[in-house]
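Residue strings, one per chain:
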Amino acid sequence: MCGIVGYIGNRNACPFLTEGLKRLEYRGYDSAGIAFLSDNELEIIKDKGKISELESNNSLSNLNFSVGIGHTRWATHGEPNKINAHPHFNHNKSICIVHNGIIENYEEIKIKLEKDGFRFISETDSEVLVHLIDYFLSRGYSLFQAVRYSLNEVNGTYGLAVISKKEPDKIIVARKGSPLIIGIGKNENFIASDLQALISYTNKVVYLADDEIAEIRNDSFFTRTISDESIKKEIEDVDLELEQISKGGYAHFMLKEIMEQPNSIQNSIRGRLLFEEGTSKLGGIENYVDRILNSRRIIITACGSSWHVGLIAEYMLEQFAGIPVEVDYASEFRYRNPIISNDDTVIFISQSGETADSLAALKEAKRKGALIVGICNVVGSSIARESMTGVYIHAGPEIGVASTKAFSSQVMIFALLSLLLARRLNMSKQDGSNIILEINSISEKIKNILDNNEIIKNIAEKFKDVKNFLYLGRGYNFPVALEGALKMKEISYIHAEGYPAAEMKHGPIALIDENMPIVVLAPKDSVYEKVVSNIKELKARKGIIIGILNEQDNELSNIVDYVIRVPETIRMLMPILNIIPLQLLAYYIAVSKGLNVDQPRNLAKSVTVE
Ligand code: AGP
């Protein structure tokens, strides 16, 4: 997952390239580079590290050019260093390329090109593209056709941009499996991997789809498929504002997005609660509700935090819709040759809508005839577009690599879906109305937790030097334990594991001693007494316990070592409240360790490579 930008037009392109790459750094920040035309020559400035370092080390602010491309990298092939950084030149520096994705048959192509006399200098798979294009150019093809023929030779994924000193009035772009958007301006055009790099300059965009290629000039563009069929693309208006992707005074995007959850949850339910009928309304899927209800089973596939939401959704949908549910990692689903038929519903959960494993799993399920439902945050994302139906969670842009508000909004969408299905089955209007009242109270309850964040910050201070964490929960709170552990791992680099609380006695309890902090989710629900027993087993072995307890719980507050209070709610909404303190705990520990909370090492926001 890397970030790509490009510009062709009548202004100095450099500020757009550098600012755009900064806005795309959540996609990867191992190295950065720009390429541009200057006095009919192509120049490249690139290095290991972030675009801000490149900017200051090379005084990019003094540059002035009107055609250029840029790249911020998350390394897949070849370590993060200057040679492997993008852009990449061909041998005589007449063209250069930036690429996001993986060329799966690059070794085979590299061998052929080396036999033809091409010399490689980097360890990347992407470099084969620039030499392959050069190969076709040397046979007299135009830049557009040379890129198109090259892409017909490769297997894998790409979002790419190419510029040439011999055809200086255009940028060639193409996509397959990695997003690429064209921004339409007045006598200028832009390209980017994501809207966030474009919205300060235009809100008119063209989304390239898989296997599409485009030639972009300063005042026009045309698109074709890589098999050379003509296609007409619509220019769409987007309503994303710059304010939505700035920190808004918070120290980190992650903290802003944690604190935004009262609003993001409101945005997720806005217009979707039918108080009179005691049900919910999800416009995107209303024509598919019968097919979902008649499904033989529902399969939910996703990755990471979204997969944790899938586990929560399994409890909800089986409880409220009575449909068997299976939850699968997308990376496993896509390769295990799943037995799927057209009376299955497969739901894909993805904040970015660009996760490669989830997108590939979707295409596999679609090929087998299932109903494909996408639950995404990014409007117009690949998974959203490839789905037959779906629901946008409307959580707003999530920039922090660690997912927070998207997680809670995804859970809320499944609560709305479960209510909708249950009211089509045998749930009474009164029961439906009671659920709606509780759904409508959640934002305020989240706010109550956030207002007490100082308590969580103080607890975090005491645990910033630990080496391990355990997270325990039962029922709806088992996936919350997994999600809390993931937050801790990915931003504080502390090893953390989530377990069903009852599983401890089947081995993991051997880990318990006075050095093991354990976060236990213990709301007053149907398994509360069981959790109390589990906590007593841990205390008997000197475990240090942080209890996530309901406000009126005075029993466990005398047993655990630290107490974080959350308001009571109905079972299926507990995960939305119980995850908030775990998000903050991980955040404050990571900050106290001086770590880069928004861009943790080795990670990127959208995993568009497998
Ligand atoms: C969550 O904090 C991580 N950033 C990661 O696990 C993420 O949830 C996963 O990569 C899936 O992303 P998606 O929802 O955009 O598909």
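Here the structure is a predicted model, which means the values were calculated and not measured.

About the cut-offs
Residues numbered from 1 in each chain as written. Predicted model: local features only at pLDDT ≥ 70, side-chain atom pairs only at ≥ 80, totals over all residues. Heavy atoms only, no water. Phe/Tyr/Trp six-rings, centres within 6.5 Å; stacked < 30°, edge-to-face > 60°. Helix = DSSP H or I, 4+ residues; strand = E, 2+ residues; numbered from the N terminus. Buried < 20%, exposed > 50% of the residue type's maximum accessible area, 1.4 Å probe, protein only. Axes fitted to C-alpha atoms, helices over the stretch in contact; angles between N-to-C directions. Parallel < 35°, antiparallel > 145°, perpendicular 65-115°, else oblique. Contact = heavy atoms within 4.5 Å. Nonpolar A, V, L, I, M, F, W, Y, C, P; charged D, E, K, R; others polar. Pairing = 2+ DSSP bridges.

S.K.: Would you mind going over the packing of aromatic side chains with me for this structure?
M.R.: Aromatic rings in a pair are described by how distant their centres are and how their planes are angled relative to each other. Evaluation of the coordinates by the stated rule reveals 17 aromatic pairs. Ring geometry for Phe16 versus Phe190: centroids 5.0 Å apart, planes at 65 degrees, classification edge-to-face. Note that Phe16 is positioned in helix H1 (residues 14–23) and Phe190 in strand E10 (residues 188–192), a separation of 174 residues in sequence. The same class applies to Phe16 and to Phe190, which are both buried. Seen in terms of ring centroids, Phe16 and Tyr201 are 5.0 Å apart; in terms of plane orientation they differ by 90 degrees. Their pairing is edge-to-face. With Phe16 in helix H1 and Tyr201 in the loop between E10 and strand E11 (204–207), this residue pair connects regions lying 185 residues apart in the sequence. According to the relative accessible area criterion, Phe16 is buried, its value standing at 1%. Put simply, the rings of Tyr7, Phe16, Phe190 and Tyr201 touch in pairs and so form one group of aromatic residues.

S.K.: I would appreciate a short explanation of the packing of helix H13 (residues 405–424) against helix H14 (residues 429–451) in the present structure.
M.R.: Working note: a packed helix pair is described by the angle between its axes plus the distance between those axes. It is at 10 Å that the axes of H13 and H14 come closest, and there the two elements cross at 170 degrees. Here H14 runs roughly antiparallel to H13, going by the angle between their axes. Taken together, the residues of H14 that come into contact with H13 (itself represented by Met412, Leu416, Leu419 and Arg423) are Lys429, Gly432, Ile435, Ile436, Ile439 and Ile442. Of the residues assigned to the contact of H13 with H14, the class counts are seven nonpolar, one polar and two charged.

S.K.: How should the sheet that holds strand E13 (residues 221–225) be read in this particular structure?
M.R.: Pairing between the strands of a sheet comes from backbone hydrogen bonds, and it takes one of two forms, parallel or antiparallel. If you trace the six strands from one edge of the open sheet to the other, you get E5-E6-E7-E8-E12-E13, paired in antiparallel fashion. In the strand order of this sheet, the two ends are held by strand E5 (88–89) and E13, each with one partner. Where strand E6 (residues 95–100) lies against strand E7 (residues 158–164), six bridges are found, and the strand directions are antiparallel. Across the sheet, the residue bridging to Cys96 is Ile163, located in E7. Here helix H4 (residues 127–137) sits on the sheet in contact with E5, E6 and E7, set at roughly 140 degrees to E6. Each of E6, E7, strand E8 (171–176), strand E12 (212–216) and E13 is contacted by helix H5 (residues 143–151), which is oriented at about 150 degrees to E7, the strand it contacts most.

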